[in-house]
Amino acid sequence: MTRGEIRVRVAGRSNTGQVRTENQDAMLVVDLARGSATPPDTPAERATSADFELTPEGAILLVADGVGGHQNGAEASRIAVDRVRAHMLGAESSPSGPE
């Protein structure tokens with residue numbers, strides 16, 4: 001590592017806990033300098049991790065909570081993550097779902 005360089009190593013994982021039957025959380029890590037992000041539809045139960053150099057362009061670390069078991073909570077958190085990913089990476093098409 002060179003002087004002044006900042007390395008970022010992040011990880012996240014979520015689980016249903018003892019009450020819920022479905023994990024509705026979604027996570028996203030975006031390295032804005034490289035234009036890379038965690039893959040779409042990465043299950044929150046699987047560990048999400050990234051290791052990169054923090055640059056002036058920055059990074060996004062996002063956790064979308066699944067609305068505590070409410071109907072369509074998983075879809076809502078997935079849409080939130082997909083929209084942020086598409087917007088920040090300049091994707092031409094937006095994910096399906098309500099506006």
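Residues numbered from 1 in each chain as written. Predicted model: local features only at pLDDT ≥ 70, side-chain atom pairs only at ≥ 80, totals over all residues. Heavy atoms only, no water.

A.B. asks: In this structure, what is going on with the overall build of the protein chain? I would like to understand it.
C.D. replies: The helix and strand inventory of the protein chain stands at one helix and five strands. Along the protein chain, helices and strands appear, N-terminal first, in the series β-β-β-β-β-α. Looking at the protein chain residue by residue over its 99 residues, the buried ones come to 30%. Looking at the protein chain alone, contacts between residues at least 24 apart form 59% of all its contacts between residues at least 6 apart. (Helix = DSSP H or I, 4+ residues; strand = E, 2+ residues; numbered from the N terminus. Buried < 20%, exposed > 50% of the residue type's maximum accessible area, 1.4 Å probe, protein only. Contact = heavy atoms within 4.5 Å.)

A.B. asks: I keep staring at the side chain of Ser 14 and nothing clicks. Help me out?
C.D. replies: Position of Ser 14 relative to the elements: it lies in the loop between strand S1 (6–12) and strand S2 (26–31). Overall, the relative accessible area of 10% leaves Ser 14 in the buried class. Within the structure, Ser 14 has its side chain in polar contact with the side chain of Asp 25 (distance 2.6 Å). (Polar contact = N/O pair within 3.5 Å; in protein donor to acceptor, adjacent residues only side chain to side chain.)

A.B. asks: Just checking my understanding: could you explain the sheet that holds strand S5 (residues 59–64) for this structure?
C.D. replies: Adjacent strands of a sheet form backbone hydrogen bonds with each other and so pair up, either parallel or antiparallel. Strand order in this open sheet of three strands is S3-S2-S5, and the pairing throughout is antiparallel. Both outer strands of the open sheet, strand S3 (36–37) and S5, are each paired with one neighbouring strand and no more. Bridge count for S2 against S3 is two bridges, and the pairing is antiparallel. Following the sheet pairing, Val 30 is matched in S3 by Ala 37. (Pairing = 2+ DSSP bridges.)

A.B. asks: Just checking my understanding: could you explain the confidence of the model for the protein chain for this structure?
C.D. replies: The predicted structure's coordinates, where accompanied by low pLDDT, should not be read in detail. Per-residue confidence for the protein chain gives a mean pLDDT of 79; residues scoring 70 or more make up 78%. Of the regions scoring below 50 in pLDDT, residues 92–99 engages in 12 contacts with residues more than four places distant in sequence or in other chains. (pLDDT = per-residue confidence, 0-100.)

A.B. asks: I'm lost on the environment of Val 81 in this one. Help?
C.D. replies: Structurally, the position occupied by Val 81 is in helix H1 (residues 73–89). Considered as a pair, Val 81 and Val 29 are 52 residues apart in the sequence and their alpha carbons are 9.6 Å apart. With near-sequence residues (within four places) excluded, Val 81 lies in contact with Ala 26, Met 27, Leu 28, Leu 62 and Ala 64.

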